[in-house]
Every structure is written in C-alpha cells, then in structure tokens.
Amino acid sequence: MAQFMEIEELCKTWEKTGRNEFLKQCRSQIALATNDGIVSADSQGLRDALYGIIWQCLKGAFKPDVATAALADVSHMHAGIGSLIADTFSIIDIETVCLETKSEREILFELLKLCVKSFLSGSMLKERMEYETLEEIKVIQSKLTFSQKYVRLKTKLFYKQQKFNLLREESEGYSKLGAELAQLSCGTQSNHEQLLESIKSLIGCFDLDPNRVLDIILEAFECSPQMDQLFVPLLQNYMCEPLTICHVLGFKFHFYKEENIATPDSLQKVAALLLQHELVDLDDLYPHLMPSDTDIMQTYKKSITEARQFARKMTIVLLSDREKEEEQAEKDKENKDERALDNQKIGLIEAMLRIGDWSHAKQLIDRLPHFSAVSHAPVAKALCDLVGSMIQPLYKDYAMPKGAKSSSVNPPTNSKSISVPKALLQLSPTFRICNYLGPYAGSQPVLIWKLVRLGKVVLNKRASAQEQVKEQWEEVYRNLLSLIEGTLLPSMSTLDSNACLSEEMWSLLKLMPYNIRYCLYGRWKNSTYAVHPPLIRIKATTTDRAKYIMKRLTKDNVKPLGRQLGKLSHVNPGILFEYVLSTIQRYDNFIGPVVDSLKYLTSLSYDVLAYCVIEALANPEKERMKHDDTNLSLWIQSLASFCGTVFRKYNIDLTGLLQYVTNQMKACKSYDLLILREIIVKMAGIEVTEEMTPDQLDALAGGELLRAEGGYFSQVRNTKKSSQRLKDALLTDSLGVALCMLMSQERFHVVFKKGIDVHVKLLGQLHDQCQDTLVQLGGFLANQLGSEDYTKHLPALSTMVTEFHLTPECAFFLCRPMCTHAINSKFDEFRKLDRSANSSQKLSSQQKMQCYVKAVQTVLSSLVDSVRELHIPKVWDDISPQFYCTFWTLSMYDLYVPDMSYDKEVNKIKQQVNSLEDNKDMVSTKRKKERERHNMIMEKLRDEQKKQVEHCQRVLARLKSECDNWFTARSTKNETITQFLQLCIFPRCCFTASDALYCAKFVLTVHQLKTSNFSTLLCYDRVFQDITYTLASCTENEASRYGRFLSEMLKTVQKWHSDKAIYEKECGNYIGFVTVLRASGAESSNKADQLDYENFRHVCHKWQYKLTKAVVSCLESKDYTQIRNTLILLTKILMYFPLVLNLSVVLEKRVDKIRAEEKDKRPDLFALAMGYSGQLKARKSHMIAEDQFHSKDVKSQSSSSTKKSTAPSTATSADSAGTSGDTKTDVTATAAMSQERSSGSKSSSNSHSSTTKKSYSSSMSGPLSINIKTETKSETRDDTKNDRGHKEDKKEEKVKNHKDKTRKKEEKVTRQEKTTPSADRSQEKVHKSKRTSAGADGEIKEERKSSERSQRGESIASNSSHGSTGTASHGSAGTVSHKASPAREATDREHKRRKIGHQSPNTSNSQEKAKESESLERGEREREGRRDKEKKPGEKKRDHSEGDKEGHESKRRKDDELGMRKKSSSPSVREDKDKMKMPRTTSVVRPSSSGDASTNGERSSSKQKEMPKESSKSRKEGRGEEASSDKPVKESSKRDSRGEDGRKEEARKSKREAKEEDRDEDRHHSSSRKRRP
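Structure report, in brief. Going along each chain's sequence as written, the residues are numbered from 1 onward. Residues qualify for local features only when their pLDDT is at least 70, as the model is predicted, and side-chain atom pairs are given and counted only at 80 or more; totals for whole chains, interfaces and linings, by contrast, use all residues. Note that the side-chain values use all heavy atoms of the structure and ignore hydrogens as well as water.

## Side note on the packing of helix α21 (residues 377-399) against helix α23 (residues 445-463)
(1) Moving on: Fitting a line to C-alpha atoms yields each axis, with helices limited to the stretch in contact; the angle taken between N-to-C directions then spans 0 to 180 degrees. Counting from the N terminus, the helices are the DSSP runs of H or I reaching at least four residues and the strands are the DSSP runs of E reaching at least two. For the pair α21 and α23, the least separation of the axes is 10 Å and the interaxial angle reads 45 degrees. It follows from the interaxial angle that α21 and α23 lie oblique. Viewed along their axes, α21 and α23 form a crossing whose handedness is left-handed. Between α21 and α23, the contacting residues are Cys384, Val387, Gly388, Ile391, Gln392, Leu394, Tyr395, Tyr398 and Ala399 on the first element and Leu447, Lys450, Leu451, Arg453, Leu454 and Val457 on the second.
(2) Moving on: Only Asp, Glu, Lys and Arg are considered charged, only Ala, Val, Leu, Ile, Met, Phe, Trp, Tyr, Cys and Pro nonpolar, and every remaining residue, Gly among them, polar. Residue composition of the contact of α21 with α23, grouped by class: 11 nonpolar, two polar and two charged. Here the word oblique covers every angle except those under 35 degrees (roughly parallel), over 145 (roughly antiparallel) and from 65 to 115 (roughly perpendicular). Crossings are classed by handedness, with left-handed meaning an anticlockwise turn of the near helix from the far one by less than a right angle and right-handed meaning a clockwise turn. Whether two residues touch is decided by their heavy atoms; if any such pair falls within 4.5 Å, the residues are in contact.

In structure tokens, the structure reads:
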C-alpha cells in the first residue's frame, strides 16, 4: 500500500519527474536479477510498481498510450519483465470483472490492445487471460473455437497413446521386465540403481510404455510389500511426478470397488508406504477411495439411531420372541462387518497405523466422523499396538511390577511421524494419541493396565517434583486427565466384569482430589454413554439387568443377588447406582437389603456410589418439599437414611458429601442438613431427639460411657472406626468448623432469609434441623477430637461472636469443651505443683478444691474480659461477667450426678451377665469374653461415677467461693432477674433438652448457695408469668425443651409445696425467699421476713392460675404455632400442671374445642389435642380441689420474724418495680401479674374468645399478695420511715370510710334478699356442679379485660379478690389498701360493661355470658356461706362487716351488668363508651370513698326502677330464677323487633342517665372535699 501511494505521487508529477523516477526504481529492482529470462530476485517491489501504474491508468490518471510507453520501456530492461506484466494484467482482469462500473474494464481492454501491438506477445496472454478478455482484445477470433482446440490438444498430449504396445504385442519386453522384478523376491537383486538401469534399458530396447511399466512395478511392490527399502527408492528415481503414481493407484482402488472385490491388504500397505515416503499426496489419493464421506456419515448416524432404538426397546415390554431379535441382531452385525471390509479408507488407516505413519493416519481419521474409524476393530487394534509399542520402554523401566512378564513389542522402524518417549515428561504426545481410541481401547485390555500403571507413576512423580519442572509435569497431568476421561474409563465399560482392573483404576484415581474424581465420574456417566453407540447399548443392557435384580432382591437372597450387583458395578457403576438410588428414593424399605448387598463392590464402585448420591441430592428437577410446602419430601429422607447406613458400613470417602452440604449451607439451603444428621447418628451414634425419656435425659448428665449406654434410643456399637473416618473427613479443609459456623448462622437468620410465602411450620423445621445438627456435630467434635486439636481448629469465643456473628449460646456451646479442657489441664498442673511442694504426699480433698478454684480463676480471667464486649456496659451493672461465664461454661455434668442412671445401667449389665451364664448354647470361650467385656464396662461405669462425684464437689466448692460476687447491689433485684432470664436462662433452656434441665438445676443451685442479691421467689414468679410470647416465638422442638424446663421448675416448686418440713428445710432460712409483708393497719411493718409455708402455697396456686391463663390465651388464638407449641408444652408439664381440678376442667374444655375444630382442618393439631386430652383425663385422679391445694381459710398466724404485725397474711398492692434512686422496689406477685398483662396485652387481644365473664378473684390474686422486697442502702433512712407511717395513717382513715360504705351496701342487700324467692336457692343447687368451671372461665376472662384496661392507662384495683379467697377471716386488720377509690372502681366497671355490650350486640350471647358470670357469683357466695358455718363465732363477728361488704358489692355489680345489657344494643352506647374511655386520674386516694359507693348504689336502684319488664326478666334469668333456656331467646327476639324508634328512645335515656351520673359524681367530689379534715 505504501508503494501504491508512492505511485500516486509519481503520477502527479509524471510529465516532469515522475516518469523518470518510476523507470529509475524499476531499473534498480531489475539490476539484482540475472539475465536468464526469469526475474529470479525478489520482485515484489517491481510487481507493486507495475500493478500501481496500470491501476492509475484505469482510474484516469493518464492516458493508456502514456502507460503503454512506460510499460514498454520497463519491458526492455529484462527479458522476464513481459511475463510479470502479463501476470499483472491477469490479476487486474479478474479484479475488474467484479467491479460494478464498466469504465475501468474498457480502459483495460484499450490498454491491452496497445500493449499487444507494442511489446506483449499473444501467446503469453493466452496462457494467462480469460477467454472473454482475449476475444475482446482480438488475440483470438472466437473463444468457443479456442476452447475446443485447447481440449483436443490437451487430450492428444496427455491421454492419447502413440503406440499400443501391450503384453500381447511386446511380450518379450514385458517378460524380461517381469523376470527382473521377480528376482527381487529371491534376494538376488538388492540394489535399486541397477534395477532402475535394467528397467530403463528394457523400455528403450522394446519401446515399452512407461506408465504400463510403472503399473507392473507397483504390482511387484504389492506382492512384496516388505521390500519397501528397495521399491521406494526405485519409484522415487523412476518418475519425478507424484500425480502419475497417484492416478495408477487410484485406478487400482477403483477396479476393486467396481468389481465388488475386497481391497487386498497388500494394496493398502503399498498405498500407505507411498504416502509415508511422500511419493503420493493424500489429498490426491483421497478422491479415489471409496465409500464417500457422505456415505460414511450416514452409516455412522444410522448406527447411533439403531443403538438408541435398541435402548428404547429395552425399556418397553415386547410381545415378540426375543430369540428372533437376537438372531436378527447377529445378522446385522455380520452385514456390518462385511460392509466394513469394503471401506477402503478404513483399510488405508489400518495400514498406516501398522507401519507407524501416525501423521497421515491422523489426517484421514480427522476427515471421518468422531470415533467412527476406531469403531472398527482392526483400526482400534492397530492403534492399540502402536501406542503399546510406544510406551513399552517406559513401562518396563518405571511401572512393570517386579517378577511380571511382558511380551516385547518393538516400535515401528523408519517412522518419522512418531517418536518413542524416553522420559516420563515426554508422554504427552503418546497420551494425545490414546485419546483417539475412546471407548475402543477395550479391544486390548493389557494396554489399559499399562496406561493406568504409568499414570500412577506420573502422579507420584508430579507430587514430588521440584518447582523448576512443575509446569512440564502440569502438561503431562492435563493430558493424563484427558486420557482417563476419554479413554480409560469409557473403555472399562466395554469389558466384561473385571474387578481387578477396577481396583487398579482406583489405585490411580485415589491419588487425585475428590473434586477431580467426581468430574471424571460425571463425564463418564452423563456424557460418554450418550455419544458412542456401543455404550448406548451397554447402558440399556445394564439398566435392564439392574431392574431384574432389584425386582427380586429381598433380605433372604442378599448374598446371590449381591454378587450379581457387584459384577455389574465393576465396569458400569454409574448406570447401576443411578437406578438403585432411584428405587431407594421411591421405596425406603429397600435400604436394608441394598446396603447389605453392596459388600461385593470394589473401591472404585464405592467412590462412584458417593458421587451418585451427591448427584441425586443435587438434582434440580426434584422438589425438596412436599406439596404442602411444610415437610421434606420422602425421597430426600430416604436418601439421608441410606447415606447414614452405607457410609457407616463401608469405607467410602465422605469428603465430597460433606463439602456438598457445606456448599448448600453457604447458599443458605439447609434442607440437606438431614444428610449430615443421619451420617452422624449412624457413624458416631450421637442422636438428638425431643422424645427422650426422663431416664435418657438423666443418663445424658453423666459421663461419656453412661451417655453411650443409656442416653440414646439405639445402642450403636462398634462406631470407633466409622467415627474415626468421619473425624478425618471433617478435619479435611476444616469442614467441621465451617459447618458449625454456617449452621449457627443459618439457625439464627433462617427466618429472615426465607420469603414471606414460606409456611411458618417449615421455617420452624429448618431452624430445628440446624439446631439439632449443630448439637450433634458439636458433640461429635468435642468427643472425637483431642483437646489440643479441638482448640487448634476452633476460633476464639470473641471471634465467633464478632466476626462470624454467632449468637452467644452457639458460641458458648462450641467453646464449652475448650474451657472444660483448659480448666482440667490447669487443675492437673496446680495439683502436681502442690504435690511436689508437699513432698509427694497425697493432697486432701480441701487442697484439691482449692487447686480447682485457682485453675478456674486462671482460665476464666481471659474469658471474663472477652465477654464484656458481647453486651452493653449497662448489663454488667445487674450481673457480673464472672457469673455470666460461669453459667455458660458449666453443664449438667458439673452440677448433678445421675446415681440412679449409673445404678440402672450396672444392674442391666449384671442381668446380661446372668443371662450369659444361663445360655448353654453359647461357646464357653465366647461366653468368657462376653463376661469379661461386661465386667469391664461395669468397672468403667463405677469409675466414671466416682470421678463425676468428685468433680461435682469441686464445682460446688468453686460456686460457693464466687457466688457472693455474682450479683451487684447497684441494681434492683427485679433488674437482676430480668437480665438473668434474658441473657442466660431463656436462650439456653431452649437450646437442648439437657440445657433445659441444666437451667432449672442452676436456678436451684443458686438458691441453695444462698446467693446474695438474688430473689429465688421473684425468679420463679417471672418464669411462671405470661408465657404467651415465649411460646409464640418457639419452634416445635424449642417448645418441647421449654416445656421440659418449666416441668423441672414446677417439679421443684411442687416438692416444696407438698410438705411443710421440706419447705422449711430448703427455703425457710434462705435469702431467696425473703419478702416484705405489709399490713394496712397502723402496726404494719416493712421489715424483711421469710415467706411462710401457707403463703407460699397461695403463691403456687397463683402460678398455676397464671399458667392456665396464658395457656388458654394461646389455645384460643387460632394461630397454628401458638396452638401447637402450647399442646407440646402442656404434654411436657402434665405431671405438675394442672394440679387443681377446676383449672383442669378449663383446659379440658379448650382442648376439646380445638379437637373438634381442627379435626378436618389441621390433622397435626388434632392429633396433638387428642393425645393431650387422653393424658389429661388419665391424670384427673391425681388432681385436687382448690381448697386442698392451698388453705383458703387462713387463720391468724405469723412467723417468728413478724410477731408484731396484727395481720401478717394481708398484703398491699405492689408498687411499680424497678424504681431508681433511693426508693424501695416492691416487686410483688400482683405487680408481676400487672406487668404480664401489659406485656401480653397484644397476645390477649389476638385471642378469638369474645365471651365475657366476671372476675374470678379467688384464683387470680390468691388470699395474699406477697411483696418481694429488694432493699437498697437508702431504705434505712428515717425520713423514708416517717413518710411510710404517714401513708399508713391515710390508708387507715380510708379503710374507716370504706366500712361506712359497706354498711350501706349491707342494708340494701338485706332488702333485696327479703324479696328473693326460695326458687333462687333451689336453682343454685341445680347448677352447683357447673360453678367450678364457670368460675375459672370467669377469672381468665376478667384477667384478659384487666390487661386491656391497663393498656389504656386505667388503674383498676380488684378488691373483690380478697373477699372470695378468705381474707375476711382476718377481720378488719386485713383490709387491702388501694390507690383508686371505690367510686372510681365502679366507674371503671361501668366502662367495661358498656364496652362489652357494644362489642357483643347479640342479646342471646350477652345473656348467656351473664348467666355464666352470675353462676360464678353464686358460687362465691356459697363458698363464703360454708366458711361462715365452719368459723368460730368470734371469727364470724370479725368477718361480718367485710363479708357483707363483699356480698353487697358482688350483688351491685350483677345488677349493674344486667342493667347495662339492654343498653349495649343501642347506638348511643358507642358514644357513651367513647366518653368512658377517657383516662382519669386515679392516683389520689380520697378518704370519703363511701360517698361514691352510696351514690352508685342509688343510681343503680334508680336504673332498676326505670328498667322495663324485659330487663327485669333478664335479671331473673341471670340470678337463676328461671330454669328453662328458651327465655333468653324470647327476650332477644323481643328486643330485636322493637324497631328504630325504640332504639332512639333508649339512646336518649342512656344520654340522660350519663349526664345524671356525671352530676352525681361532681356533687360527691365536692361534698367529699368539704368533709376532708
């Protein structure tokens, strides 16, 4: 292009200097050439110049005559320039033909005409130019005539014989030629030069045709192909043009094809030798070979189609005779072999391979379809022989086993295209040649053995190679992998069952990492069997045979059918296991027989089985969930069970499967954790289940041997080897630690990462699966790894929490074994030091304990510093970091010795020994070994028990030494308990079942240690408070563990409740049960004192009630999770809850309701409800009445510390807990209830139970509210005492005013009772049997309404509770102080009734609710009457005023509710209700509270006067005056039919009454302010 641009410049100045410069350049180029007619020097520059000058003329830069003159001048410079110009014109002629415009071509014609006239010869242009161009420039007259003349001339020159001297014409010459060539076979003539001279003389003498002579020479060569060293030089010197020999050979190949005669091998060899010595070109000979490439491709495709049809036929049932099909298949095979004989290309490839001409053979193989050439047995065998001869020297030097004999195969001589490798690093070309064999290397199994053994040598040398030659080894390694993938493994499939070759192959593959092996297996199984026709047939046959075996496999014929499976698996393991695993996924009962039948497999088959399992698990076409999207599919469960069983029984590499689970966890797919769980269960014998019996849980608190003997359902024996294999696999690439970290993370955020459409049941299952598998794996690593290995692999606690974002419970679970090991190591170290200091004397137990405490302090010091970062600094104001570490680093093993479990297991072993003695069929030697084994286990159990006893004593001494520093005095006990429960108890009690028992045991231990600043009573009270939120946030397994924790806590409480002596012994003088009992009189005291036994029983009853309330709320919530968790929890705590009969009736009623509702909706809830209902009914005989559970007639008694108090059993309502500064923190049971209401208001509001009943105060509050005091230093100040005394004076004055109100109510009740007919009393007796359950319902409903009021900011004091639980027995000294006046209470109750009436406008429902509430009130009055009869006269006199007051108050509430029932259906009620909801200040206690009561009583009586007859009927129904149930329905129908006018009238009346109430209340407040002293 640069020269062309220069020509353009020359053209611009052509007339001036351009022409001379052009000629000058041409002359300089020509000067280098010789004057022989040919420009022999580099003429490219000259050619470019000529090309440029001609194109410039065509473009019009100058005229054609100018260009002709310049070209003529150049042509005169050298004789060969004319030929160059003619060549240039021929090129430009072709280029101009392609142009769209014709102007250039016209100029070209004009220029050519001028050149022909000037210097170009026509003959030169005739050799180069096209016929059309020659005709245009008048060089020829007609192109048609010229072409015909050209053909005739060419035929005459090349194809027409001048003399026809054949054998019959010149017999003597050809006879002498044959004699000369025949002497070569006798060896008389060995010099090709002499032979050539003889042949030339014969041709000259007899005028023989040279081509015919050549044909005779080739015939002689074909008869003696081994004499290639003579004939090849002869042919090379005989004729210089290879195309002539190619034509002669082609005629020979055509002859055999036309005559339908098999082409002889001798001709193939001659052709191969000629190709090898380059006497013939392959491209020239290839068109003469038959069949064509198209026919070969069609034949190859047809073979694949036939193979696939054969495979399809194997999968369907055919009714035709199989023998006929087999005969037809044999015929087809014979025909195929015959057709293969006619394939001259295949024969030529074989001949080339036989002589070692790989380069030409490779070219010919590449022209054919892939592996179609080697699919013919002769070609495959020839290639195998070639490869075997190439690797034979290296095989002898490196890989041949000692003492083995091998036939020597010499590589082909004089082969230029192949080179025999002399070193292992030179094996790459040989391996590449082997790849052309594909699956057809099986035609020579010996070659496969040699290649496998050489491959092992290569891998071993590569592993120990130096860095300088690493790259060379990598190239050999890559070619070896290609060889294994493409040749060795596929070739195995074509062989018969060869177990030895399979083991030899495994000895090679095991040197590679599992991921490389699995890639090879995947290609072998999924790609190879779909490409090669023989393998397609083999796959179909293997699958059909596998089906035949699996259909007949049972546990009785495992051995014979297992052998057959083994034979199939030796060479085709992937195909076999694919079908076996698919069968197992459908039918899990095949797992046992299949696992037993796999004992005849080779090591390679086991490894392929592991790969097939992973492939089946990762199958994207299978759904892991059932159609309900809440449970795992059965196929994955079956595979998990199979994995656990087969990996335990057989030595299979686990690394791949564990890595697969790890990768799934990284992708946040925790479904496959089921695989890991089953593997740990089967291989290590560690199982995690929530259905453990108490005996098993007790055994889990012991040592390792006791846990193995009695802690699990299945006694897994002989797990030592399998555990070691699992441990080694987990330590590979630190998979164990990685799995622990991933499971801990997935356990925490599985709920947040799943979509909103995922069912909550599935989320719970995934969480539980992560949790259980984490516990399994963590326990396995702690047991199997040595302490140093465990510490080495696991990161530090702070690292796990801060960097890996593990929750503290998971981090401490993993770190606990490390802490235990470190403490024990330090203890042993200190003990040795002390022993050496004491002159090797044995240390006393006290010295050992001191060493242990010192070791603990040393180890935990660093841990204490690290845990400070886990929480905010404010947390450590309530609990100390040392206590936090102590709680999380201890376990059940440290606190409790399961002596009963040890004794049970020892007795069991003794029974087994006795049974051995009675077994006469057992051989004596075996009996002796078994006896020794059992005795050894018993000794180990006793030693383990002894060690645990000593260890628990040391731990107890440690706890005693540090318990005083656990809880600081800087915060209140309430805050301390809150932090303790939130950071310690609740996270751990839901972690495992053992941890649930540990939490309960730890609380008891802290109590028994008399830990300062720790209130046991408050801790238990907070635990038994509203458990609604806790249950709602639990998974299924966590609910079970939480139930175990509550059961253990209730067990302790019931133990104290059962016997006063036990209570006095274990709680009487303990700090945890210190309370402050406050009375309402002037003699009240704030002095701390122990809670006496009777009051503790009342607290126990309150806890039972609280649990009932929370449980009922959950059961009525309609939420699946709450109902399920509640039923699970109830099942776990059934032994200790419910213990009171009336509470059990309430529970039974709710459970029966769930059972009826969920029967057809949610079967799992129905099953749980059915199970619990049956167990609850069975426990009814062990339940007691309420008055037996706690004494409701509490006599005046006081403990030794409260003798000065006149009413020690009476308590005030609690102050709000957790006040700051110098104030006291009164955390009472009632206060805890109010906190529970406010926190659980949301859960209660979600409850679907809309029934409304009266407050059942006897069970809700108990006879006594215990004020649990947390006293600070500021409580000793005198001014606080004075303030408290002043408050008590005000309260006493309030009580006096309250008595006045009570007397007025008593008079009213007396008047009403005189008018009550005797039918009321008879009716009450009829309904006596229903009162208990109705009362319990009422108290639960009232609690729910109270929580709603507390949420709205209303302060409601339910003073009726004291009257119903027996506080009247203590006289006026037991009056409870309230912050709200009775008038305020009446107003709040009025608000509540109006709200209920508005929410439930259905009259029939309201009447039914009223009937239940009033039956509750009647039950209360009857109980009070019974107590009055049992009391002494003096006590009755003291209780008269309080009892009458309570009865009058109950009567007034009933009348008010009945009066408001009618108004609830009015539209105006909504407005009144909104007015009533306005918050009012209730903190001021007015002394004139009796005025409010009387005012409210007057309003109530005035309402009764205005009430129509329908309302009076409703009141009679509510009091029980009418027995029939159809009256409320009638009243409801009357009210519904009153119409719009009636409702408006009622609305106006209700507004007037509301205004009157407001005026009365204002008058009352003004009068009370006037009467205030």
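## Description of unusual backbone geometry
(1) Moving on: At the junction of Met290 and Pro291, the peptide bond is cis and its omega measures out at 0 degrees in the coordinates.
(2) Moving on: If you trace the backbone, Pro291 turns up in the loop between α16 (282-285) and α17 (293-314).
(3) Moving on: For the peptide bond that leads from Phe1137 to Pro1138, omega is -5 degrees, which places it in the cis range.
(4) Moving on: One non-glycine residue with positive phi stands out, namely Cys668, at about 60 degrees.
(5) Moving on: Along the chain, the position of Cys668 falls in the loop between α33 (655-666) and α34 (673-684).

## What about a nonpolar patch on the surface?
(1) Moving on: Taken together, the side chains of Leu153, Leu157, Phe158 and Tyr159 make up a nonpolar region of the molecular surface, amounting to roughly 530 Å² of accessible area.
(2) Moving on: Residue position: Phe158 is located in helix α9 (residues 143-158).
(3) Moving on: The class of Phe158 is exposed, set by a relative accessible area of 62%. Residues enter a patch when their relative accessible area is above 30% and they make no salt bridge; the linking distance is 9 Å between like charges and 5 Å between nonpolar side chains (Val, Leu, Ile, Met, Phe, Trp, Tyr). Accessible surface is estimated by sampling points in the Shrake-Rupley manner with a 1.4 Å probe; for residues, cover comes only from the protein chains shown. A carboxyl oxygen of Asp or Glu within 4 Å of a side-chain nitrogen of Lys or Arg is what we treat as a salt bridge. Note on exposure labels: buried denotes an accessible area under 20% of the residue type's maximum, exposed denotes more than 50%, and partly exposed covers the range between, all computed with a 1.4 Å probe on protein chains only.

## Section: a positive patch on the surface
(1) Moving on: Charged-residue counts in this description rest on Lys and Arg as positive and Asp and Glu as negative, His and the chain ends being excluded. To locate a charge, take atom NZ for lysine, CZ for arginine, CG for aspartate or CD for glutamate. On the surface, Lys559, Arg563, Lys567 and Lys599 cluster together into a patch of positive charge.
(2) Moving on: Structurally, Lys567 is set in helix α28 (residues 558-571).

## Topic: the side chain of Glu746
(1) Moving on: Position of Glu746 relative to the elements: it lies in helix α38 (residues 735-753).
(2) Moving on: For Glu746, a relative accessible area of 2% corresponds to the buried category.
(3) Moving on: When residues no more than four places from it in sequence are discounted, the contact partners of Glu746 are Met665, Cys668, Ser670 and Cys770.

## Section: the side chain of Asp672
(1) Moving on: Mapped onto the elements of the fold, Asp672 is located in the loop between α33 and α34.
(2) Moving on: Classification of Asp672 as buried rests on a relative accessible area of 1%.
(3) Moving on: Only 2.9 Å separates the side chain of Asp672 from the side chain of Gln664, close enough to count as a polar contact.
(4) Moving on: In contact with Asp672, not counting residues within four places along its chain, are Leu617, Arg624, Ile636, Tyr660, Val661 and Gln664. We call two N or O atoms a polar contact when they sit within 3.5 Å, provided that within protein one can donate a hydrogen and the other can accept it, with sequence-adjacent residues counted only if both atoms are side-chain atoms.

## Thoughts on the packing of aromatic side chains
(1) Moving on: Centre distance within 6.5 Å is the pairing criterion for rings of Phe, Tyr and Trp, where only the six-membered ring of Trp is used; planes under 30 degrees apart are then read as stacked, over 60 as edge-to-face, and the remainder as tilted. Enumeration over the complete set of coordinates arrives at 46 aromatic pairs.
(2) Moving on: Seen from their ring centres, Tyr1063 and Tyr1093 are 5.7 Å apart, and the 55 degrees between their planes marks the pair as tilted. Note that Tyr1063 is positioned in helix α53 (residues 1060-1066) and Tyr1093 in helix α54 (residues 1093-1115), a separation of 30 residues in sequence.
(3) Moving on: For Tyr1063, a relative accessible area of 0% translates into the label buried.
(4) Moving on: The exposure class assigned to Tyr1093 is buried, which follows from its relative accessible area of 8%.
(5) Moving on: An aromatic cluster is present here, built from Phe812, Trp876, Phe883, Tyr884, Phe887, Trp888, Trp966, Phe967, Phe980, Tyr998, Phe1002 and Phe1014 joined pairwise through their rings.
(6) Moving on: Comment: the charge-over-ring label is applied if NZ (Lys) or CZ (Arg) is within 6 Å of the ring centre and within 35 degrees of the ring normal. Across from the ring centre of Tyr286, 4.7 Å away, lies the NZ or CZ of Arg367, which sits over that ring.
(7) Moving on: Its guanidinium or amino end placed over the ring of Tyr477, Arg462 lies 3.9 Å from that ring's centre, counting from NZ or CZ.

## Thoughts on the state of the cysteines
(1) Moving on: For the purposes of this analysis, a disulfide is any pair of cysteine sulfur atoms at a distance within 2.5 Å. For the structure on display, the rule yields zero disulfides.
(2) Moving on: For Cys999, which is in no disulfide, the shortest distance to another cysteine sulfur is to Cys989 and amounts to 5.3 Å.

## Observations regarding the packing of helix α3 (residues 44-58) against helix α4 (residues 64-75)
(1) Moving on: At a closest axis distance of 9 Å, the pairing of α3 and α4 adopts a crossing angle of 165 degrees. Judged by the inter-axis angle, α3 sits roughly antiparallel to α4. As for how α3 packs across α4, the hand of that crossing is left-handed. Contact with α3, carried on its side by Leu50, Ile53, Ile54 and Cys57, involves Pro64, Ala67, Leu71 and Val74 of α4 and no other residues of that element.
(2) Moving on: Broken down by class, the residue content of the contact of α3 with α4 amounts to eight nonpolar, no polar and no charged.

## Comments concerning the nonpolar core
(1) Moving on: In these notes, a set of buried Ala, Val, Leu, Ile, Met, Phe, Trp, Tyr and Cys residues joined through side-chain atoms within 4.5 Å is what counts as a nonpolar core. The biggest cluster of nonpolar side chains holds 319 residues, and the ones touching the most others in it are Phe642, Phe980 and Phe1045.
(2) Moving on: Counting residues per element, this core draws most heavily on α21, which supplies 12 residues.
(3) Moving on: When residues no more than four places from it in sequence are discounted, the contact partners of Phe1045 are Ile985, Cys989, Ala996, Cys999, Ala1000 and Val1023.
(4) Moving on: Counting residues in each nonpolar core, the second largest holds 42 residues, with Trp14, Ala70, Leu111 and Leu125 among its members.

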